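Residue-level structure breakdown
These are the residues of each chain, in order.
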Amino acid sequence: MITTVLFDMGGTLEDIWVDAASEMEAIRQVDAMLKSFGLDPGCPIEELKARVDAGWAAYGRFRDPTNIELKPVQIWRDYVLASFGFPEDVLVPRCEALAHMWEVTHFHRRLRPRVKEMLEGLRQAGFRLGVISNTAALYQVFDTLEEYGIRGYFEDVTLSSITGFRKPCTDIFTVSLRQMRVPASECVYVGDTMSRDIIGAKRAGFAAAIQITSKLTAEKDANTAREFEPDRVITDICDVLPVVKALADGTH
């Protein structure tokens with residue numbers, strides 16, 4: 001029996017991508033925000049970018065093998081801005097603001113067309129809905145869902161920044177299942193990557209996993225061992241509704 005559909009955020013409910021313009025705008029905003037806090041980086045913008053990029057790379061070397069997500073304070077203090085030695089009493093209270101800005105500036109984000117129509121269809125069909133997302137900010141996903149006008153569709157939003165676990169770690173899926181009070185055997189997961197979404201959901205025992213292709217799919221799945229296969233691959237978010245209904249009816 002399928003009762004619940006859980007979604008990835010970036011690349012699934014929304015299109016997300018990075019380009020040179022968004023990268024540079026994020027650095028400019030880091031510079032402006034730090035100066036507004038009285039924390040002058042004291043270097044040209046090009047050097048600031050190199051040092052921030054190096055900080056993110058260092059964090060990635062910790063995060064990616066462990067699938068552990070640190071809090072924004074730890075990420076920005078201990079990795080992204082570690083080389084500047086800013087005083088903690090000034091920097092620490094501002095780390096979430098920096099993290100939030102980065103998530104909405106470094107990445108272009110846009111709700112996929114007809115997401116609301118798809119979610120409304122699932123809700124009217126009686127399915128329960130939730131979100132499981134990797135993110136380096138505490139509140140950005142909640143705020144973005146509100147801005148898109150779809151927060152009300154989801155009973156639960158489980159984030160790596162809050163749980164401390166990143167997909168494909170099964171713990172983040174288990175937290176969501178506990179919060180939703182639903183067994184994995186009643187759940188379908190929808191995500192855009194094999195490496196995080198499909199593998200994670202399958203390891204967690206979900207009844208099915210649907211992969212929707214995105215701008216990130218090939219990049220994130222490069223060199224990923226195909227431990228599992230998605231139950232269905234789609235390109236249009238509206239296809240989630242008929243696929244889930246078919247799975248629930250046992251006709252897929």
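In this numbering scheme, every chain counts its residues from 1 along its sequence in written order. Where totals are concerned, whole chains, interfaces and linings use all residues; where local detail is concerned, this predicted model gives features only for residues with pLDDT of at least 70, and gives and counts side-chain atom pairs only at 80 or more. Calculation of side-chain values draws on the structure's entire complement of heavy atoms; hydrogens and water are dropped beforehand.

What about the overall build of the protein?
Helix and strand labels come from DSSP, where a helix needs a run of H or I of at least four residues and a strand needs a run of E of at least two; each type is numbered from the N terminus. Summing up its helical and strand segments, the protein has 12 helices and 8 strands in all. All radius of gyration figures rest on C-alpha atoms, and the globule criterion is 2.2 Å times the number of residues raised to 0.38. Here the C-alpha radius of gyration of the protein, 19 Å, is about what a compact globule of 252 residues would show, namely 18 Å. Its C-alpha atoms give the protein principal-axis dimensions of about 65 × 35 × 30 Å. For the protein, with 252 residues in total, the buried portion stands at 53%. Residues count as neighbours in contact if any of their non-hydrogen atoms are within 4.5 Å of one another. Residue pairs in contact within the protein that sit at least 24 positions apart in sequence constitute 70% of those at least 6 positions apart. Note on areas: Shrake-Rupley, 1.4 Å probe, and residue coverage restricted to the protein chains presented here. Here the protein displays about 10900 Å² of accessible surface, and carbon together with sulfur accounts for 50% of that area. When charges are counted, neither His nor the chain ends are considered; positive counts come from Lys and Arg and negative counts from Asp and Glu. Charged groups are reduced to one reference atom each: NZ for lysine, CZ for arginine, CG for aspartic acid, CD for glutamic acid. Side-chain charges in the protein split into 29 positive and 37 negative, and the spacing between the mean points of these groups amounts to 2 Å. Exposure categories follow from relative accessible area, calculated using a 1.4 Å probe and restricted to protein chains: below 20% of the type maximum is buried, above 50% is exposed, and the middle band is partly exposed.

Brief notes about the packing of helix H2 (residues 45-66) against helix H3 (residues 72-80)
When two helices pack together, their arrangement is given by the angle between the helix axes and by the axis-to-axis distance. Look at H2 against H3: their axes get within 8 Å of each other, and the N-to-C directions meet at 115°. You can see that H2 and H3 cross each other, and the crossing is right-handed. Of the residues in H3, those touching H2 at Arg51, Val52, Gly55, Trp56, Ala58, Tyr59 and Phe62 are Ile75, Trp76, Tyr79 and Val80. Class assignment for the residues of the contact of H2 with H3 results in 9 nonpolar, 1 polar and 1 charged. Every axis in this analysis is a line fitted to C-alpha atoms, fitted for helices over the stretch in contact. Angles between the N-to-C directions lie between 0 and 180 degrees. Whether a crossing is left-handed or right-handed is set by the direction in which the near helix is turned from the far one by less than a right angle, anticlockwise for left-handed and clockwise for right-handed. Three classes are used, and their members are as follows: Ala, Val, Leu, Ile, Met, Phe, Trp, Tyr, Cys and Pro are nonpolar, Asp, Glu, Lys and Arg are charged, and the others, Gly among them, are polar.

A word on unusual backbone geometry
In this chain, Lys167 is followed by Pro168 through a cis amide linkage whose omega measures 15°. One non-glycine residue with positive phi stands out, namely Arg114, at about 70°. Among the structural elements, Arg114 can be located in the loop between strand S3 (108-111) and helix H6 (115-124). For Arg114, a relative accessible area of 45% puts it in the partly exposed group.

Things to note about the state of the cysteines
The disulfide definition used here is simple: a pair of cysteine sulfur atoms within 2.5 Å. Counted under the stated rule, the structure contains 0 disulfides. You can see Cys43 has no disulfide; the closest cysteine sulfur is in Cys95, sitting 17 Å from it.

Comments concerning the sheet that holds strand S6 (residues 187-191)
On the basis of which strands lie adjacent, the open sheet formed by 6 strands has the order S5-S4-S1-S6-S7-S8 and parallel pairing. Edge positions in the sheet fall to strand S5 (156-159) and strand S8 (232-234), since each has one partner strand and no second. Strand after strand, the sheet turns through a mean of 20° between neighbouring axes, direction not considered. Looking at chain direction, strand S7 (residues 208-212) and S8 are connected through 3 bridges and run parallel. Considered in S8, the bridge of Gln211 is made with Val233. Helix-sheet contacts for helix H9 (residues 170-180) involve strand S1 (4-7), strand S4 (128-133), S5 and S6, and the interaxial angle to S5 is about 155°. Its contacts with the sheet place helix H10 (residues 194-203) against S6 and S7, and it is angled at close to 165° to S7. At least two DSSP bridges between two strands are needed for those strands to be called paired.

Re the packing of aromatic side chains
By convention here, two paired aromatic rings are described through the distance between centres and the angle between planes. In summary, the pairing rule links any two rings of Phe, Tyr or Trp, Trp by its six-membered ring, whose centres are within 6.5 Å, and it sorts them by plane angle into stacked for under 30 degrees, edge-to-face for over 60 and tilted for everything else. All chains considered together, the criterion is met by 12 aromatic pairs. Summarising the aromatic geometry, the rings of Trp56 and Tyr59 are spaced 6.2 Å apart at their centres and angled 65° between planes, so their arrangement reads as edge-to-face. With Trp56 and Tyr59 both in helix H2, this residue pair falls 3 residues apart, about one helical turn. Overall, the relative accessible area of 17% leaves Trp56 in the buried class.

Concerning the pattern of salt bridges
A pairing counts as a salt bridge when a side-chain nitrogen of Lys or Arg comes within 4 Å of a carboxyl oxygen of Asp or Glu. Per the counting criterion, the structure on display carries 20 salt bridges. Arg110 serves as the salt-bridge partner of Asp15, at 3.6 Å between the closest nitrogen and oxygen. Of this pair, Asp15 sits in strand S2 (residues 14-17) while Arg110 is found in strand S3, placing the two residues 95 residues apart along the sequence. Members of the salt-bridge network, linked through shared partners, are Asp8, Lys167 and Asp197.

Structural notes on H2
A helix is expected to span 1.5 Å multiplied by its residue count minus one. Look at H2: 32 Å from first C-alpha to last across 22 residues, which is about the 32 Å you get at 1.5 Å a residue. To get the bend at a given residue, fit one axis to the seven residues ending there, fit another to the seven starting there, and take the angle between those axes. Within H2, the axis deviates most sharply at Gly60, by approximately 25°. Looking at H2, one finds that the buried residues are Leu48, Lys49, Val52, Gly55, Trp56, Tyr59, Gly60 and Arg63. Its buried side turned inward, H2 meets helix H1 (20-36), H3 and helix H5 (95-105).

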